[in-house]
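Report on the structure
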Amino acid sequence: MKKMKKHIIASVLALSTILVAQAQGSKSTIYPTVLEINQVKATWFNSNNAAGMILTPLSDFGTLSVGYDMKVGAYRLQQEGDLKTLDIHTSGSSPLGRARVWGEFSYQNITQENTKFNTLRLTLDPDMPYILADSRLSYFKKQVYDMTMKAATPLLWDLVAFGVTVNYFTKSGAKQIDPRSDSYEYGIEVKPSAVFAFGNHSAGLTFMYKNAFDRYSPLNSNSQQDQPAFNLRGVGTYVDAVVGSFGGLGTYYYKTNRLGGALQYGYQGSNIKVLAEGNYVYQVIDVFHTPAKPFRMGSTIQQVMGGNLQALVEGDSFTHKVTLDGYKKHTDGIEYIQVIDATYEVQQWISIAKFIRSKYDFTGISLKYDIFRDSREGYDWMAGIQGQYTDRFDTYILPESSFKAENVYGEIYGKKNFMVGNASIVAGLSAGYNFNIAGEHNYGGPFPDSEVVRDLYEKDLAILSANYYQFGINLKAIFPLGEKSTIYVAASCKYLRADEELHNYSYGTDTEGKNFWWNLNPGNQLTPSARTFANFSIGFTF
Amino acid sequence: MKKYFLLAIVLLTALSCEQFKQVADIVEVVPISANVKISTSGTDADTPLPASYTVRFINYGENFEISRTTDASGNVSADGLIPGVYTVTATGESAGGGFTYYFSGSLTNINILTSGQNFNIDVVSSRAGALIFKEIYFNGSTGYYFKDQFYEIYNNSDAVQYVDGLGIGNILPALASTTTYNWEVPDGKPENYIYLASIWQVPGDGNDFPVKPGESIIIAQIAQNHTAIKPTSPVDLSGAEFETFIVNQSVNPDNPNAHNMILAFDKGVFGTQWLVTVFGGAYAIFFPDHEIDPNGWVKPQGRTNQAYPIPIDCVVDAVEIVNNATKINQKRMPTSLDAGATYTGATYNCNSVSRKIRETTKDGRHIYMDTNNSTDDFQINSVAMVRRNNPGVPSWNTWYKK
């Protein structure tokens, strides 16, 4: 692991040096607002096709920032906890010969407090039902290294360019209270791509491959006291597990392979750019524990179909951008029936049958409109509005259980860039409201009063089916350093509070003996909760 | 360049293919049914049969269980089953001639994967009573103290039982796990035996140690007052009837009152005491049908462990104790002796397991549950107790102080 980190850091330093060296040719001051609008305009950069970066290139830049981020408050999913993150981030874009490269690297040191029902995982995924959980309030210490690089060849024969996006990440961490964990995650994603240009029109294609491997060792500090846990299987279904010194669970590992592809079409007129993309991804994750005698916890098969449309209009004074994004995700949870083959030479778990036991569907659609008043420093002001629709529906087939949360969210936001001499102060405000359309958990398993149902799913349902409002304020002070570099200090804060209605659920049984949830409207079972997001950072652009 | 690019794509795709192939064409689960027929071929013709049997379908891997009652012919059909690996138990009860007869039988780890599968369970009867494990304290006390282990054996019947020659031992493998042993026995029928790592026997000539109905005896690892030796220990075993004293060792004192058990087979005894794993052993008491030959051991295929085979027919009572609930489906004891398992889920915290009281007679004698299923018959106690529920003490134990 240490060797790996050395390689990452060496690569990042090399990349930064190249980018900075290349960026020396630039003359004008690189305000962060310039970088912001550059990225808005670089439609191909925002797609899965790195080759297209040659058609709508980013300007040359380098950034380095250090930040501290906080997310605290009771409006949180049970596994999410409160987060305090130290973040170091660097990025840059530059020509490299006739090609273009862009890269970024981040390091995060995360303290996650007040988390429950996650014993091992460093990255939580609602579509991965097979996790080990415990009900003790605990905390994690985590470190994340993440590096992404995009490169694009020049347009060869004025017709075609090739590109590639590579992302590599590694995470390590540990839960700090018994049952605790020693956890590692690593992954690499490669997206080779090509783009063909025909006058104002262009078309692209991308191939996607991801491989990830996660390894978690559950353990106890007090070896004399076994710790009860739950092997979750989805939608409140679980089997008991024990973390203990002897006879306890062995190392868990998750093996991920993902294949996918995307097609793009772009149009680039004198003051208009349109880029449409459709993509499809197929992913399988196998979950095992005890590598010496592997026991299959389950597998997930996930298929994602998505589409994205960006339309950009650049006028004399204003830039307008509309972004429409949508995707549909379906995940099957597969469980295996396994028996021990006691044959002396074998002595392994063998799978004698497998079935789809659970299904997870998610639909997400978002529409966003941004307007920018252009200026030499990026923009004078900007405003935007966005709407999101999300629908999550999980089902466990036998015994039958389901979980639903359907929401619409709307937000308006804006920023004003105040110039004071060469210095700039960017102040922004945002306000949003979430309206819950539906939320329900029907549990048909054997333990309706268990901690998993009561403390995990009941409380998560309350969070995911709450109406809430949020307000945000952000401030960034930017000071030029020399001809083109800047130093900036930024702070932001957002406050979220759930409405009282639709935030109180209880569990009951109807006259036919069927279990159901009802809304105690109003009630006091769960207090309406709030959450505060705060960030402070200091950085350079060059 | 283009060549390498294509090669990389092909290689990456190939890597994913195997994983993708394994999850192709999997169907959604649907509920299924199974049929069970009860047979009584091993029961004496003059034993009264139950009017019906209770059949339980237990899927430990799913935390799923359903129970059905047979018709008068001993047939039952269960629907709504989740496909999986089941333990199916059948129990029944009848009365006649002044006795209560318990019928039990089971099938362990059977695969019920498709609808309409038929199974036969052969039940056998036993008269309520005889000797049973009443309490087992195996997991030691705080400070890694394990010398206070004890076994309480109770006369659950309404007749005097003599414990002279009674054997007690723990079977191999020592721990419940996915490791299984394939024993090689001379008659080629390994399923007819249990395999003991060690055997201790009660001394006596056949009628030296009577145990009346409602009385119990204590077999202590070391018959001392452990609360005085180790304050964290919950038990005073100085009044135990028997102890597993290792001769020619000077570490542990010999209690002159308690009778020393005879170490008949010692392959599972190491050091200065009979220490059985604090994580939970599988124990049996039995009357051997022949004298124990210290060299009569057998070995599992490919291993060096030595154990003594005792015919299942000789076993009086057996209890499977596993580390925790997740290990029940890795039990070692044959289901004909114990269809379930019990556990404490901890070590060195004074926990014990003991039988639940089934009923109490008019004269105050407790009759304990004995359905040959430890999951149902036993309870977990936060603190071990010698002679819980005030059983009688044999009259020949003159040194026990209440």
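Everything quoted here is computed from the prediction, not taken from an experiment. (Residues numbered from 1 in each chain as written. Chains lettered and ligands numbered in written order. Predicted model: local features only at pLDDT ≥ 70, side-chain atom pairs only at ≥ 80, totals over all residues. Heavy atoms only, no water.)

**Focus on the overall build of chain A**
- Along the backbone of chain A there are three helices and 23 strands.
- When contacts within chain A are restricted to residue pairs at least 6 apart in sequence, long-range pairs at least 24 apart make up 68% of them.
- Total accessible area on chain A is roughly 22400 Å²; 59% of this is exposed by carbon and sulfur atoms. (Helix = DSSP H or I, 4+ residues; strand = E, 2+ residues; numbered from the N terminus. Contact = heavy atoms within 4.5 Å. Areas by Shrake-Rupley, 256 points an atom, 1.4 Å probe, with all protein chains shown as cover.)

**Some details on the overall build of chain B**
- Helix and strand counts for chain B stand at three helices and 27 strands.
- Out of the 402 residues belonging to chain B, those deemed buried represent 52%.
- The long-range share in chain B, meaning contacts at least 24 apart out of those at least 6 apart in sequence, stands at 70%.
- Just so you have it, chain B exposes about 17200 Å², and 52% of that area is on carbon and sulfur atoms. (Buried < 20%, exposed > 50% of the residue type's maximum accessible area, 1.4 Å probe, protein only.)

**Some points on helix α2 (residues 32-41) of chain A**
- Among the 10 residues that make up α2 of chain A, eight are buried, leaving the element largely enclosed by the rest of the structure.
- Along α2 of chain A, the residues classified as buried are Pro32, Thr33, Val34, Leu35, Ile37, Asn38, Val40 and Lys41 of chain A.

**Quick notes on the nonpolar core**
- Core analysis: the biggest nonpolar cluster contains 41 residues, and Val36, Phe57, Leu81, Tyr86 and Ile112 of chain B have the highest contact counts within it.
- With residues near it in sequence (within four places) discarded, Tyr86 of chain B still touches Phe57, Ile58, Asn59, Phe64, Leu81, Leu107, Thr108, Asn109, Ile110 and Ile112 of chain B. (Core = buried A, V, L, I, M, F, W, Y, C linked by side-chain atoms within 4.5 Å.)

**Some points on the interface of chain A and chain B**
- With 56 residues of chain A in contact, the opposing surface of chain B contributes 46 residues.
- Applying the counting rule to chain A against chain B returns three salt bridges.
- For the salt bridge of Glu62 of chain B with Arg357 of chain A, the shortest nitrogen-to-oxygen distance reads 2.7 Å.
- Counting across the chain A and chain B interface gives 12 residue pairs in polar contact (both at pLDDT 80 or more).
- Taken together, the elements giving at least two residues each to the side of chain A that touches chain B come down to β7 (180-198), β8 (201-219), β10 (237-243), β11 (252-268), β12 (272-289), β13 (295-314), β14 (318-341) and β15 (348-375) of chain A.
- When residues in the side of chain A that touches chain B are grouped by element, the largest group, eight residues, is from β15 of chain A.
- Counted by class, the side of chain A that touches chain B contains 31 nonpolar, 12 polar and 13 charged residues. (Salt bridge = Lys/Arg side-chain N within 4 Å of Asp/Glu carboxyl O. Polar contact = N/O pair within 3.5 Å; in protein donor to acceptor, adjacent residues only side chain to side chain. Nonpolar A, V, L, I, M, F, W, Y, C, P; charged D, E, K, R; others polar.)

**Some remarks on the sheet that holds strand β4 (residues 75-81) of chain B**
Residues and elements named next belong to chain B.
- Taken in spatial order, the three strands line up as β4-β1-β7 in an open sheet, and their pairing is mixed. Each of the sheet's edge strands pairs with one partner strand only, and the pair in question is β4 and β7 (117-122). This sheet shows a mean twist of 25° between the axes of neighbouring strands, independent of strand direction.
- Examined bridge by bridge, strand β1 (residues 32-39) and β7 share six bridges and lie parallel to one another. Of the residues in β7, the one forming a bridge with Ser39 is Asp122. (Pairing = 2+ DSSP bridges. Axes fitted to C-alpha atoms, helices over the stretch in contact; angles between N-to-C directions.)

**Things to note about the pattern of salt bridges**
Residue and element names in this part refer to chain A.
- One pass over the full model with this rule turns up 43 salt bridges over all chains.
- A salt bridge links Glu36 to Lys415, with the nearest nitrogen and oxygen atoms 2.9 Å apart. Highlighted residues: Glu36 in helix α2 and Lys415 in strand β17 (residues 401-420), separated in sequence by 379 residues.
- Judged by relative accessible area, Glu36 falls into the partly exposed class, the value being 26%.
- The class of Lys415 is partly exposed, set by a relative accessible area of 21%.
- Between Glu314 and Lys273 there is a salt bridge, with the nearest N and O atoms lying 3.9 Å from each other. Taken together, the residues span a long stretch of sequence, with Glu314 in strand β13 and Lys273 in strand β12 at a distance of 41 residues.
- Members of the salt-bridge network, linked through shared partners, are Arg76, Glu80, Asp82 and Arg531.

**Overview of the side chain of Asn59 of chain B**
All names here are of chain B.
- Turning to its location among the elements, Asn59 is positioned in strand β2 (residues 54-59).
- With relative accessibility at 3%, the residue Asn59 sits in the buried group.
- A distance of 3.2 Å separates a polar side-chain atom of Asn59 from the backbone nitrogen of Gly61.
- Here Asn59 is in contact with Phe64, Ile82, Pro83, Gly84, Val85 and Tyr86, once residues within four sequence places are set aside.

**A few points about the sheet that holds strand β10 (residues 150-155) of chain B**
Residues and elements named next belong to chain B.
- The sheet built from seven strands is open, its strands ordered β18-β17-β16-β10-β9-β24-β27 with mixed pairing. The sheet terminates laterally at β18 (259-260) and β27 (378-381), the two strands that pair on one side only.
- As paired strands, strand β9 (residues 131-137) and strand β24 (residues 352-355) are joined by two bridges and run antiparallel to one another. Within β24, the residue paired with Glu135 across the bridge is Ser354.

**Section: the pairing of strand β23 (residues 530-541) of chain A**
Residues and elements named next belong to chain A.
- Two elements, strand β1 (residues 61-72) and β23, share 10 bridges in a ladder whose sense is antiparallel. The residue of β23 that forms the bridge with Leu64 is Phe540.
- The pairing of strand β20 (residues 485-498) with β23 spans 12 bridges and is antiparallel. Of the residues in β23, the one forming a bridge with Tyr488 is Gly539.

**Points about the environment of Glu458 of chain A**
- In this structure, Glu458 of chain A sits in helix α3 (residues 451-464).
- For the pair Glu458 of chain A and Ser366 of chain A, spaced 92 residues apart in sequence, the C-alpha separation works out to 27 Å.

**Examining the environment of Ala276 of chain A**
Residue and element names in this part refer to chain A.
- With respect to the helices and strands, Ala276 occurs in strand β12.
- With relative accessibility at 27%, the residue Ala276 sits in the partly exposed group.
- Once the C-alpha coordinates of Ala276 and His330 are considered, the two residues, 54 residues apart in sequence, prove to be 22 Å apart.
- With residues near it in sequence (within four places) discarded, Ala276 still touches Leu263, Gln264, Tyr265, Asn308 and Leu309.

**Let's talk about a nonpolar patch on the surface**
Residue and element names in this part refer to chain A.
- Among the surface-exposed residues, Leu64, Val66, Tyr68, Leu86, Ile88, Leu481, Val489, Phe536, Ile538 and Phe540 lie close enough to one another that they form a single nonpolar patch of about 780 Å² accessible area.
- Secondary-structure elements contributing two or more residues to the nonpolar patch are β1, β2 (82-96) and β23.
- By the element assignment, Leu481 lies in strand β19 (residues 468-481).
- Classification of Leu481 as partly exposed rests on a relative accessible area of 42%. (Patch = residues over 30% accessible without salt bridge, like charges linked within 9 Å, V, L, I, M, F, W, Y side chains within 5 Å.)

**Here we look at the packing of aromatic side chains**
- Taken as a whole and judged by the stated rule, the model has 33 aromatic pairs over all chains.
- In textbook terms, an aromatic cluster arises when at least three aromatic residues are bridged by ring pairs, as seen for Phe133, Tyr151, Trp200, Trp274 and Tyr283 of chain B.
- Lying over the aromatic face of Trp102 of chain A, Lys150 of chain A brings its terminal NZ or CZ to 6.0 Å of the ring centre. (Phe/Tyr/Trp six-rings, centres within 6.5 Å; stacked < 30°, edge-to-face > 60°. Lys NZ or Arg CZ within 6 Å of the ring centre and 35° of its normal.)

**What about α3 of chain A?**
- The end-to-end C-alpha distance of α3 of chain A, which contains 14 residues, comes to 18 Å, matching closely the 20 Å that a straight helix rising 1.5 Å per residue would cover.
- Those residues of α3 of chain A that sit buried are Val452, Val453, Leu456, Tyr457, Glu458, Asp460, Leu461, Ala462 and Ile463 of chain A. (Expected span 1.5 Å × (residues − 1).)

**Some details on unusual backbone geometry**
Residues and elements named next belong to chain A.
- A cis amide bond, omega -10°, links Asp178 with the succeeding residue Pro179.
- Residue placement: Pro179 occurs in the loop between β6 (160-175) and β7.
- Cis geometry is found at the peptide bond from Leu398 to Pro399, where omega equals -5°.
- As for its placement among the helices and strands, Pro399 is situated in the loop between β16 (378-396) and β17.

**Observations concerning the pairing of β12 of chain A**
Residue and element names in this part refer to chain A.
- Pairing of β11 with β12, which is carried by 17 bridges, proceeds in the antiparallel orientation. Residue pairing for β12: Tyr254 is matched across the bridge by Val287.
- Sheet topology places β12 next to β13; 18 bridges connect them, and they run antiparallel. When the sheet's bridge partners are listed, Glu277 is paired in β13 with Asn308.
- Where β12 folds back on β13, the antiparallel hairpin that results is connected by five residues, among which Thr290 adopts a positive phi of roughly 60°.

**Quick word on the confidence of the model for chain A**
- Looking at chain A as a whole, its pLDDT mean stands at 88, while 89% of the residues score no less than 70.
- Throughout residues 506-525 of chain A the model reports pLDDT below 50, and contacts reaching past four residues in sequence, or to other chains, amount to 45 contacts. (pLDDT = per-residue confidence, 0-100.)

**Details of the environment of Ala212 of chain A**
All names here are of chain A.
- Looking at where Ala212 falls in the secondary structure, it is placed in strand β8.
- According to the relative accessible area criterion, Ala212 is buried, its value standing at 5%.
- C-alpha separation for the pair Ala212 and Gly187, spaced 25 residues apart in sequence, amounts to 3.9 Å.
- Once you skip the residues sitting within four places of it in the chain, Ala212 turns out to touch Tyr186, Gly187, Tyr254, Lys255 and Thr256.

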